[in-house]
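An overview of the molecular structure
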Amino acid sequence: MVRIQDLTFEEYISEERIFARTSQLAKKINVDFEGKNPIFLGILNGSFMFLSELFKQITIECEVSFLKVSSYENQTSTGKVRELIGLNKSIDNRPVIIVEDIVDTGHTLAFIKDKISSFSPSKVSVMTLLHKVAATKIPHELDYVGFEIDNIFVVGFGLDYNELGRNHRCILAKS
Ligand code: IMP
């Protein structure tokens, strides 16, 4: 059992299973993107551990870059304002692989895909370590999924609870 602030967590997906699945996904990418020189776009902060593990096993020509979604409450309206930081012309005419830690409702991914397509990538693929299928509000075609999980709160392997818990080597689920 692991305690983070007021919550307790139990191991849900072991480090071994994460590594095995990441290797399978890397092998698939090595085949699917051979000769295509894709650019991996990791979404910070959550994807950093997954992407670094994956990237070590990519053997084709490729690049990596990171994007950050910043959200803040607009003072003059009720809406949440979001920005995508780090996008630039390097994705023009290139196949892009978005790398996410988790797709929950799908709102964040919808926002990211919309911003990315305002540049001119030749193709946009999506990879996510985790997918909470039952939480879907905006459905997406997810090209590479590590694990489909229940609609539960998880931390570890890059994912956080109030910014804590990202350092755990496995995925932990709230007890
Ligand atoms: P969505 O917009 O609802 O798909 O949420 C995506 C974002 O919410 C992820 O990138 C995470 O930052 C966060 N998130 C959703 N579910 C979890 C969870 O179980 N643990 C930690 N973060 C989560």
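Report on the accompanying structure. (Residues numbered from 1 in each chain as written. Predicted model: local features only at pLDDT ≥ 70, side-chain atom pairs only at ≥ 80, totals over all residues. Heavy atoms only, no water.)

1. Comments concerning the packing of aromatic side chains
Heads up, the rule is: The pairing test for Phe, Tyr and Trp rings, Trp by its six-membered ring, is centres within 6.5 Å, and the orientation test on the planes gives stacked under 30 degrees, edge-to-face over 60, and tilted for anything in between. Helix and strand assignments come from DSSP, with helices taken as H or I runs of at least 4 residues and strands as E runs of at least 2, each series counted from the N terminus. We call a residue buried when its accessible area falls under 20% of the maximum for its residue type, exposed when it is over 50%, and partly exposed in between, using a 1.4 Å probe and counting protein chains only.
Applying the stated rule across the entire model yields five aromatic pairs. Centre to centre, the rings of Phe-40 and Phe-55 are 5.6 Å apart; their planes meet at 80°, and the pair counts as edge-to-face. Remark: Phe-55 occurs in helix 2 (residues 48-55) and Phe-40 occurs in strand 3 (residues 39-44); sequence separation between them is 15 residues. You can call Phe-40 buried: its relative accessible area is 0%. By relative accessible area, which is 27% here, Phe-55 ends up partly exposed. Both rings, one in Phe-153 and one in Tyr-161, keep their centres 5.9 Å apart while their planes meet at 75°; by these two values the pair is edge-to-face. What makes Phe-153 partly exposed here is its relative accessible area of 31%. What links up through ring pairs into an aromatic cluster is the set Phe-9, Phe-153 and Tyr-161.

2. Considerations on the site of the ligand
Keep this limit in mind: Whether a residue is near a molecule or strand depends on its heavy atoms: it is near if one of them lies within 4 Å of it. Contacts described as polar in this section are N or O atom pairs within 3.5 Å, which, within protein, must combine one atom able to donate a hydrogen with one able to accept it, while residues neighboring in sequence count only if both atoms come from side chains. In short, Shrake-Rupley with a 1.4 Å probe defines the accessible areas, and a residue's cover is counted only from the protein chains shown. In this analysis, the protein atoms alone were mapped onto a 1 Å grid. Cavities are point sets where a 1.4 Å probe fits without being able to get out; pockets are open sets with protein on both sides within 12 Å along at least five of seven lines; lining residues have an atom within 4 Å of a point. A pocket or cavity is taken to hold a molecule when more than half of that molecule's atoms are within 2 Å of the pocket's grid points.
Around the ligand there are 15 residues in total, and Thr-105, Gly-106, Thr-108, Lys-132 and Val-154 lie nearest to it. Gly-106 places a main-chain nitrogen or oxygen 2.8 Å from an oxygen atom of the ligand. The side chain of Thr-108 places a nitrogen or oxygen atom 2.5 Å from an oxygen atom of the ligand. Summarising the interface, the protein chains cover 79% of the accessible area of the ligand, which totals 490 Å² for the free molecule. More than half of the atoms belonging to the ligand lie within 2 Å of the grid points that define the largest pocket. Those elements that place two or more of their residues in the shell around the ligand are strand 6 (95-103) and helix 3 (107-117).

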